[in-house]
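# Coordinates in review
Below, each chain spelled out in residue letters.
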Amino acid sequence: MVFLSALNYPLRGGAPAVLIAGALLLWLAGAAGAFGLWLGLVVVMLLAGYAFALLDAAALGHKRAPELSGALLSPLQERRPLWLLLLLFVVYGALTAAGLDLSPVGWTALAVLLLPAPIALLGLQQSHPVHVLNPLALVRCGCGLGRYYPLAVALAAAIVLLAGQPLASPWSGLRAAAALYFVFALFALIGRGLHASVHEAAAGANEPPDRRALADERDACRARERMLEEVYA
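My aim in this report is to walk through the structure given alongside it, one point at a time. (Residues numbered from 1 in each chain as written. Predicted model: local features only at pLDDT ≥ 70, side-chain atom pairs only at ≥ 80, totals over all residues. Heavy atoms only, no water.)

Moving on, we get to a nonpolar patch on the surface. Together, Leu24, Leu25, Leu28 and Leu39 line one region of the surface with nonpolar side chains, adding up to about 330 Å² of accessible area. If one sorts the elements of the nonpolar patch by residue count, helix α2 (residues 15–31) sits on top with three residues. Along the polypeptide, Leu25 turns up in helix α2. (Patch = residues over 30% accessible without salt bridge, like charges linked within 9 Å, V, L, I, M, F, W, Y side chains within 5 Å. Areas by Shrake-Rupley, 256 points an atom, 1.4 Å probe, with all protein chains shown as cover. Salt bridge = Lys/Arg side-chain N within 4 Å of Asp/Glu carboxyl O. Helix = DSSP H or I, 4+ residues; strand = E, 2+ residues; numbered from the N terminus.)

Next comes the structure, spelled out in structure tokens:
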């Protein structure tokens, strides 16, 4: 049920408009060849910023995806995609220095397996994203997702398989749209997992649990902070 809700979430609110515009820009960047490389990088970073905003909305229990705004797309205000990219480079450098030699397929599979944990941790930790470089915090956050983690890995694997399909233009535009849709679904699923985790933590911490209060957004934020304290205990 939660998995179907995550798949439906990118089709609500402002997400469909972002999905269509993002897929069009990615298709244009791909059609431009080498000249579209920088455009593609900029578009990917902007879409990653919106994906984290979508994750936040799902984690707070919002029924609709957020509308597109300049604040959501500003790299000066949304730095979590940059921290996620930095983590990937750090992990790759550390494993390479340790003597691990994998094929491109092996590195891709490793990234797919590990990716949900840092995304979830960056969803919890917005004010101090540097904590995403803490391996212990990543492990605890990944374990906190529980049954949502394998579902997130499956969605990440679907994104990689879809992006690797050799579809020629104009079908490459449809491939970009489908891949972007699954990216948004992945972030929505992780947000739903965080939402469920903080509510379970809040229900266990309150005596007696007040379900109406837990449904309130302010209490959800407090529960989110309590879970964050447990991650860094």
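Next comes the rest of the description.
Moving on to the nonpolar core. Grouped together as the largest cluster of nonpolar side chains are 49 residues, with contacts concentrated most on Leu54, Ile119, Phe184 and Leu186. Elements with a contribution of two residues or more to this core: α1 (2–8), α2, α3 (37–59), α5 (80–97), α7 (116–124), α8 (135–145), α9 (148–163) and α10 (171–205). Excluding residues that lie within four positions of it along the chain, Phe184 makes contacts with Pro10, Ala15, Val18, Leu19, Leu47, Tyr50, Ala51 and Leu54. (Core = buried A, V, L, I, M, F, W, Y, C linked by side-chain atoms within 4.5 Å. Buried < 20%, exposed > 50% of the residue type's maximum accessible area, 1.4 Å probe, protein only. Contact = heavy atoms within 4.5 Å.)

What follows is about the packing of α3 against α5. Closest axis-to-axis distance for the α3/α5 pair is 8 Å, and the angle between their directions is 105°. Between α3 and α5, the angle falls in the class roughly perpendicular. Contacts between α3 and α5 involve Met45, Ala48, Gly49, Phe52, Ala53 and Asp56 from the first element and Arg80, Pro81, Leu82 and Leu84 from the second. Here the contact of α3 with α5 is composed, by residue class, of seven nonpolar, one polar and two charged. (Axes fitted to C-alpha atoms, helices over the stretch in contact; angles between N-to-C directions. Parallel < 35°, antiparallel > 145°, perpendicular 65-115°, else oblique. Nonpolar A, V, L, I, M, F, W, Y, C, P; charged D, E, K, R; others polar.)

A few words on the packing of aromatic side chains. One pass over the structure, following the stated rule, counts four aromatic pairs. A centroid spacing of 5.3 Å and a plane angle of 65° characterise the contact between Tyr181 and Phe182, whose relative ring orientation is edge-to-face. Phe182 gets classed as partly exposed once you look at its relative accessible area, which sits at 25%. (Phe/Tyr/Trp six-rings, centres within 6.5 Å; stacked < 30°, edge-to-face > 60°.)

Turning to the packing of α3 against α7, a few remarks are in order. Interaxial distance between α3 and α7 falls to 10 Å at its minimum, and their mutual angle equals 70°. As the angle between them shows, α3 and α7 are arranged roughly perpendicular. Of the two elements, α3 crosses α7, and the hand of that crossing is right-handed. Each of Phe52, Leu55 and Asp56 in α3 lies in contact with α7, whose residues at this interface are Ile119, Leu122 and Gly123. Looking at the contact of α3 with α7, its residues break down into four nonpolar, one polar and one charged. (Left-handed = near helix turned anticlockwise from the far one by under 90°.)

Time to look at α3. Helix length check: α3, at 23 residues, gives a terminal C-alpha distance of 33 Å against a target of 33 Å (1.5 Å per residue), a fit within 8%. Residue Gly61 follows α3 closely and has a positive phi angle near 85°. (Expected span 1.5 Å × (residues − 1).)

It is worth spelling out α8 at this point. Note: α-helices contain 3.6 residues per turn, so residues at a spacing of three or four share the same orientation. Inspection of α8 places Ala137, Leu138, Cys141, Gly142 and Leu145 among the buried residues, and these make up the whole buried set. On an axial view of α8, the arc spanned by its buried residues comes to 130°, and they lie on one face. Structural note: α8 exposes Val139 and Cys143 on the side pointing more than 90 degrees away from its buried face. Near the N-terminus of α8, the side chain that reaches the backbone nitrogen of Leu136, with its oxygen 3.1 Å away, is that of Asn134. Looking at the residues trailing α8, positive phi occurs at Gly146, about 60°. (Arc of directions from axis to C-beta. Polar contact = N/O pair within 3.5 Å; in protein donor to acceptor, adjacent residues only side chain to side chain.)

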